[in-house]
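What follows is the residue order along each chain.
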Amino acid sequence: QVQLVESGGGLVQPGGSLRLSCAASEKIISIYDMGWYRQVLEKQRELVASITRGGSTNYADSVKGRFTISRDNAKNTVYLQMNSLKPEDTGVYYCWVLGRARDYWGQGIQVTVSS
């Protein structure tokens, strides 16, 4: 029912920046907790950043000080600003929303950090 559409990924050099966007088809961003997961190759998907409906944020240790999660309730969109990118940040990033009856997931968007 609810669709999450991600954008903003791509190839960037180490030290560069990217901003990921996740637009929801319904007005759920302002209601539920949400975040971004990352999956590297065949490793387990990892929660990189999250934000509650009250605005509290949390980050994985590996991205603290470099990534910032935010949301725009009017646009029903959640963002992930990624600065000082490192090769180890490479992976597929998934938008995630903790819904009432189920979780919602984006299709995943590739981020590659390489020289």
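Participant: So what's going on with the pattern of salt bridges? Which residues, and what values?
Facilitator: Evaluated as defined, the whole model comprises four salt bridges. Salt-bridge contacts for E46 lead to R38; the nearest nitrogen and oxygen are separated by 3.5 Å. Take E46: its relative accessible area is 33%, and that puts it in the partly exposed class. A salt bridge links D89 to R38, with the nearest nitrogen and oxygen atoms 3.2 Å apart. In this pair, D89 is assigned in the loop between strand 8 (77-82) and strand 9 (91-98) and R38 in strand 4 (residues 33-39), connecting sequence segments 51 residues apart. Here the salt bridges do not stand alone but share partners, grouping R38, E46, R66 and D89 into one network.

Participant: Residue-level account of the nonpolar core, with values.
Facilitator: Core analysis: the largest hydrophobic core is formed by 30 residues, its most contacted members being L4, W36, L80, M82 and Y93. Elements with a minimum of two residues in this core: strand 3 (18-24), strand 4, strand 5 (46-51), strand 7 (67-72), strand 8, strand 9 and strand 11 (109-113). Considering every element that reaches this core, the biggest residue donor is strand 3, with four residues.

Procedures and definitions
Residues numbered from 1 in each chain as written. Predicted model: local features only at pLDDT ≥ 70, side-chain atom pairs only at ≥ 80, totals over all residues. Heavy atoms only, no water. Salt bridge = Lys/Arg side-chain N within 4 Å of Asp/Glu carboxyl O. Buried < 20%, exposed > 50% of the residue type's maximum accessible area, 1.4 Å probe, protein only. Helix = DSSP H or I, 4+ residues; strand = E, 2+ residues; numbered from the N terminus. Core = buried A, V, L, I, M, F, W, Y, C linked by side-chain atoms within 4.5 Å.

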